[in-house]
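Close look at the chain arrangement
Below are the chains, spelled out letter by letter.
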Amino acid sequence: MISLQFRRLLRSLERRLADRVEQREDKAIAAYMAAVSASLGKPPKRRQGRAEPMPYRLRIAVAFASLASALFSLYWWYP
């Protein structure tokens with residue numbers, strides 16, 4: 001059988017390790033929360049050196065303008 005003193009030693013070691021794990025988790029959570037709260041005030045990062053594609057609203061506007069032009073041309077040339 002395992003002696004009583006050895007059991008106490010194992011329990012105290014287990015408690016210390018569990019406390020360390022909890023402290024590390026608390027530190028990690030605090031660091032993550034600090035990083036998130038710091039990033040909330042910053043503007044979003046944009047890619048540098050690469051042109052952004054045409055926004056979809058502009059594409060829709062160009063498509064409607066082309067359609068209107070085509071319809072007007074058909075109306076004008078083929079009454």
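This text follows the structure it describes.
Notes on the structure follow. (Residues numbered from 1 in each chain as written. Predicted model: local features only at pLDDT ≥ 70, side-chain atom pairs only at ≥ 80, totals over all residues. Heavy atoms only, no water.)

**Focus on the overall build of the protein chain**
Helices and strands together make up the secondary structure of the protein chain, namely 2 helices and 0 strands. For the protein chain, the residues scored as buried account for 0% of the 79 residues in total. Only carbon and sulfur atoms are counted for the fraction: they give 63% of the accessible area of the protein chain, which is about 8400 Å². (Helix = DSSP H or I, 4+ residues; strand = E, 2+ residues; numbered from the N terminus. Buried < 20%, exposed > 50% of the residue type's maximum accessible area, 1.4 Å probe, protein only. Areas by Shrake-Rupley, 256 points an atom, 1.4 Å probe, with all protein chains shown as cover.)

**Considerations on the packing of aromatic side chains**
For any pair of aromatic rings, the description consists of the separation of the ring centres together with the inter-plane angle of the planes. In total, this model carries 1 aromatic pair according to the counting rule given. Centroid distance F72 to W76: 6.0 Å. Interplanar angle 25°. Geometry classified as stacked. Note that F72 and W76 are positioned in helix α2 (residues 56-77) at a spacing of 4 residues, about one turn of the helix. A relative accessible area of 55% places W76 in the exposed class. (Phe/Tyr/Trp six-rings, centres within 6.5 Å; stacked < 30°, edge-to-face > 60°.)

**Some words on the environment of S37**
Relative to the helices and strands, S37 is located in helix α1 (residues 4-40). Polar contacts involving the side chain of S37 include one to the main-chain carbonyl oxygen of A34, which spans 3.0 Å. (Polar contact = N/O pair within 3.5 Å; in protein donor to acceptor, adjacent residues only side chain to side chain.)

**Description of a positive patch on the surface**
Together, R7, R8, R11 and R15 make up a positively charged patch on the protein surface. Position of R15 relative to the elements: it lies in helix α1. Residue R15 is classed as exposed on the basis of its relative accessible area, which comes to 56%. (Patch = residues over 30% accessible without salt bridge, like charges linked within 9 Å, V, L, I, M, F, W, Y side chains within 5 Å. Salt bridge = Lys/Arg side-chain N within 4 Å of Asp/Glu carboxyl O. Lys, Arg positive; Asp, Glu negative; His and termini not counted. Charge placed at Lys NZ, Arg CZ, Asp CG, Glu CD.)

**A look at a negative patch on the surface**
Side chains of D19, E22, E25 and D26 sit close together on the surface and give a patch of like negative charge. Looking at the secondary structure, you find D26 in helix α1.

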